[in-house]
Every structure is written in structure tokens, then in C-alpha cells.
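Remarks on the overall topology
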Amino acid sequence: GKDIPGQASLVFDVVLLDLHNPKDGVTIENQQVPESCERRSQTGDFLRYHYNGTLLDGTLFDSSYSRNRTYDTYVGKGYVIAGMDEGLLGVCTGERRRIIIPPHLGYGEEGRGKIPGSAVLVFDIHVVDFHNPMDSVSITVTYKPPNCTVLSKRGDYLKYHYNASLLDGTLLDSTHSLGKTYNIVLGSGQVVVGMDIGLQDMCVGERRTVVIPPHLGYGEDGVEGEVPGSAVLVFDIELLDLVSGLPEGYMFVWNGEVSPNLFEEIDQNHDGEVLLEEFSDYIQAQVDSGKGKLAPGFDFEKIVKNMFTNQDRDGNGKVTAEEFKLKDQEVKEEHDEL
């Protein structure tokens, strides 16, 4: 045409941005692999990772670090581009690797946003943690006392110290820094389900590491400002004290024989009706004398009010002799009806 004369010698100054072959696969360059790698990611796992995404010439197009949050996804399930799906398999927690993805396994000829068409992509990733939705709680005992016969069970009142961290070692919380123990009634819903599981069958003085997947911890939402969403939690626990609980379904039990004239003893003014104050005073006296025991770890007034409400069957604030029944009597009547 008019721009290039005939018989002209041409000079091109070229900058090579990238190149690939349609037969290329994903290239993985391991940059840092932890010495201890107990498990590698596989299809169906849920990963949390940071990344920097660049073109082959180093041009940055995206970064999870700039958003100050990890990218979270299932791997091997098609939730990310094919090259990333493949490149995230076989990683360890804490691993850093470079994943180089040809365009036919990335964003293709069209590209996307800041990514030009037919571009080779480079992702430098750091795996924060991963888990599988089928995972349960992992328990590793690090110390068990020689005398370990009394084991924790549902309903027991426990006092323990813990350090809570993420899988990458980031410390979240510690009772040691607060200078006091964490106290719960096991199995009462006072802690996440994974911790309720991790504290079972433990003896005083025992130390263990409990790893809790997010679906048994704080889930996809996490705790704002404290626990990231979908995070795997690691608790290093030491059990310091255990007070045995009562049989399931009981908030108060007798340590000896029950008086045959129990209602008359509770009815202090002998008017045939028991008020909450009379009931509370009587229960307190039984506990103080050692004749009865309340479920440990619960508020006294709440327990007594609940017991009284169960006896006050017509809800008028008074318990009569006809209404008054021990739990064993109620259970027997239920079986007789059956």
C-alpha cells in the first residue's frame, strides 16, 4: 500500500510479552514446601489461599493481598479456571508455589477484565489452610498423666487452658494471656461443636491438640475481627479441673435416701402450697449439708427456678402436693402408660 514502498527492507523492534503452545499444560514451580506435610490437597477439598496474579512479563492484574482476605474455593470441582483447579491439587498447608497457566486453561482468546486475550497467567500462591467437608475433629494427645482413670463426659464441669491458632500458626486467642481458665459444662452448647467433641474422654492434667474444621467451628462466616470465615482452628488444650456432672436430664440429685415426707419438709409454713422462695431455701439447705447435688457449672437461681417451674404444672406460681413428683416417679409413670 502507501505505507510500505516496494522492495523496502523492514526493521521491527519487538518486545516478547509471552508465548505458549496449544499443547502446553500447567507448569508448577515449588517455591517453598513445609518440612512437615501430613496431607496434600485433593479433589473436593476447600482451600483458603493468597495469590498474586501477573502476566508473563510481570504485569500485575490481581492480588488477594490487596483485598486483605484469602481466596476461598473448592478444588477439582470447576469453581476456578481449569489451570488453577489443576495447580491447587497436591499442595500442603503453608506451601508457596508458582502456577503458570496457558490461555486455553485460563481465560482463553477473549481474556477477562485486565487480562488480555490469549495471555499466559502466572499465579504465586500461598496456601493458608484446607479441609474437606467430610473431615471430623482431629485429636492428638501430647501428654497423658500416669493416673488417668476419670475421663470427661457430657455434663461434666471443666476448667482448662487453651491457645487457639490458625493452621498457619497465627495466634487467635489464649487463656494464658488472660490469666484465667475457660470454664464450661461439656456438651451443653457453650462452645463450638468441634470443641465439645475435642474435650471428651480427657483426664485432669492431660494435654492435647484439637484441630477443628470450619463446619464444626465458626463456619463460613467466622467471627468478625477475630476468626476468618471457613478457617480451620487449632486448639492446644490442658485440662486443669473436672467436676463430675449429673446423669443426663437431671439438674439435681440426692446423695442419699429421699425423705418419704419430702413435700411436707419443703412446705415450711405447712399451708399445703410451696412457693419459689420456700423451694429455693430447701434446695440450698440440701446442697449446703451435702444431702443433694446440683448440676455443676450452672447458675443456682436458674436451675432452681427451672425445677420449680417443672413442678408448677398449672403455672400459678404455687406447687401443691398433687402436683409434686420426683423425676423418678415421672419416668415410671411414662413407662406405665407405654
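Along each chain, the written sequence defines residue order, and numbers are assigned to residues from 1. Two thresholds apply to this predicted model, a pLDDT of at least 70 for residue-level local features and 80 or more for giving and counting side-chain atom pairs, whereas whole-chain, interface and lining totals are computed over all residues. Each side-chain value is derived from all of the structure's non-hydrogen atoms; neither hydrogens nor water enter the calculation.

**Overview of the overall build of the protein**
Segments assigned H or I by DSSP are reported as helices when at least four residues long, segments assigned E as strands when at least two residues long, and all are numbered from the N terminus. Helix and strand counts for the protein come out as 7 helices and 16 strands. Only C-alpha atoms enter the radius of gyration; for comparison, a globular chain is expected to reach 2.2 Å times N to the power 0.38, where N is the number of residues. Relative to the globule expectation of 20 Å for 338 residues, the C-alpha radius of gyration of the protein, 32 Å, shows a markedly less compact shape. If one aligns the C-alpha atoms of the protein with their principal axes, the spans along those axes are about 125 × 50 × 40 Å. Residue burial in the protein is summarised as follows: out of 338 residues, 38% are buried. The buried label applies to any residue whose accessible area, calculated with a 1.4 Å probe on protein chains only, is under 20% of its type's maximum; exposed applies above 50%, and partly exposed to all values in between.

**Digging into the domain arrangement of the protein**
Many authors give the size of an interface as the accessible area that is lost as the parts come together. Examined at the domain level, the protein breaks down into domain 1 (27–131), domain 2 (138–243) and domain 3 (252–329). Using only C-alpha atoms to locate each centre, domain 1 and domain 3 end up separated by 64 Å. An automatic or database domain assignment supplies the start and end points of every domain.

**Topic: the environment of Val80**
Inspection of the secondary structure assignment puts Val80 in the loop between strand E4 (71–74) and helix H1 (82–87). Between the alpha carbons of Val80 and Gly106 there is a distance of 9.2 Å; along the sequence they are 26 residues apart. Residue contacts are defined here by distance: any two heavy atoms, one from each residue, within 4.5 Å place the two residues in contact. Apart from residues lying up to four places away in sequence, Val80 is in contact with Tyr49, Tyr71, Thr73 and Asp85.

**Here we look at the pairing of strand E3 (residues 60–63)**
Where strand E2 (residues 46–55) lies against E3, 3 bridges are found, and the strand directions are antiparallel. Looking at the pairing, Asn52 lines up with Ser63 of E3. Two strands make a pair as long as DSSP finds a minimum of two bridges between them. Between E2 and E3, which follow one another and run antiparallel, lie 4 residues, and Gly58 among them has a positive phi close to 100°.

**So, the state of the cysteines**
Two cysteines whose sulfur atoms are joined by a covalent bond form what is called a disulfide. Two cysteine sulfurs form a disulfide in these notes if their separation is within 2.5 Å. All told, the structure shown has 2 disulfides when counted by the stated rule. Between Cys148 and Cys203 runs a disulfide, and the two sulfur atoms are separated by 2.1 Å. Residues Cys148 and Cys203 are joined through a disulfide that is left-handed, its torsion about the S-S bond being -110°. Residue Cys148 is found in the loop between strand E7 (138–143) and strand E8 (157–166), and its partner Cys203 is found in the loop between helix H3 (193–198) and strand E11 (207–212); the two are separated by 55 residues along the sequence. In this pair, the class of Cys148 matches that of Cys203, namely buried.

**A look at the packing of aromatic side chains**
For Phe, Tyr and Trp, where Trp contributes only its six-membered ring, two rings pair if their centres lie within 6.5 Å, and the inter-plane angle classes them as stacked under 30 degrees, edge-to-face over 60, or tilted in between. Summed over the entire model, instances satisfying the criterion amount to 15 aromatic pairs. One aromatic cluster is present, formed by Tyr49, Tyr51, Phe61, Tyr71 and Phe123 through successive ring pairs.

**Considerations on the confidence of the model for the protein**
Here pLDDT means the predictor's own confidence in every residue, given as a number from 0 to 100. Residues of the protein with pLDDT of at least 70 account for 96%, and the chain-wide mean is 90. For the stretch residues 331–338, pLDDT sits under 50, and the model shows 1 contact to residues farther than four places along the chain or on other chains.

**Remarks on helix H6 (residues 300–311)**
Helices are assigned an expected span. That span is 1.5 Å times one less than the residue count. Here H6 contains 12 residues, and its C-alpha end-to-end distance of 17 Å stays within 8% of the 16 Å for a straight helix at 1.5 Å per residue. Those residues of H6 that sit buried are Ile303, Val304, Met307, Phe308 and Gln311. Along H6, the residues classed as buried sweep out an arc of 130° about the axis, all on the same side. Looking at H6, the residues exposed on the side facing more than 90 degrees away from the buried face are Glu301, Lys302 and Lys305. We call two N or O atoms a polar contact when they sit within 3.5 Å, provided that within protein one can donate a hydrogen and the other can accept it, with sequence-adjacent residues counted only if both atoms are side-chain atoms. The distance from a side-chain oxygen at the start of H6 to the backbone nitrogen of Glu301 is 3.3 Å, and the residue carrying that oxygen is Asp299. Within this analysis, the arc is defined by the directions that extend from the helix axis to the C-beta atoms.

**Thoughts on the nonpolar core**
For our purposes a nonpolar core is just a set of buried Ala, Val, Leu, Ile, Met, Phe, Trp, Tyr and Cys residues, chained together by side-chain atoms within 4.5 Å. Residues Tyr160, Met195, Leu199, Ile212, Phe235 and Ile237 are the most contacted members of the largest nonpolar core, which totals 23 residues. Every element with two or more residues in this core is listed here: E8, E11 and strand E12 (233–243). Excluding anything up to four places from it in sequence, Ile212 contacts Val192, Gly194, Met195, Gly217, Ala231, Val232, Leu233 and Phe235. In terms of nonpolar packing, the next biggest core, distinct from the first, is built from 22 residues, Val26, Leu55, Phe61 and Leu88 among them.

**What to know about the UniProt feature "domain: PPIase FKBP-type" (unreviewed entry) in the protein**
UniProt positions are given in the numbering used here, feature names are shortened, and annotations may be inferred rather than shown by experiment. Mapped onto this structure's residue numbering, the UniProt feature "domain: PPIase FKBP-type" (unreviewed entry) falls at residues 44–131 and 155–243. The span residues 44–131 is 7% helical and 40% strand by assignment, and the distance between its end C-alpha atoms comes to 9 Å. Regarding residues 155–243, the helix share stands at 11% and the strand share at 39%, and the terminal C-alpha atoms are separated by 9 Å.

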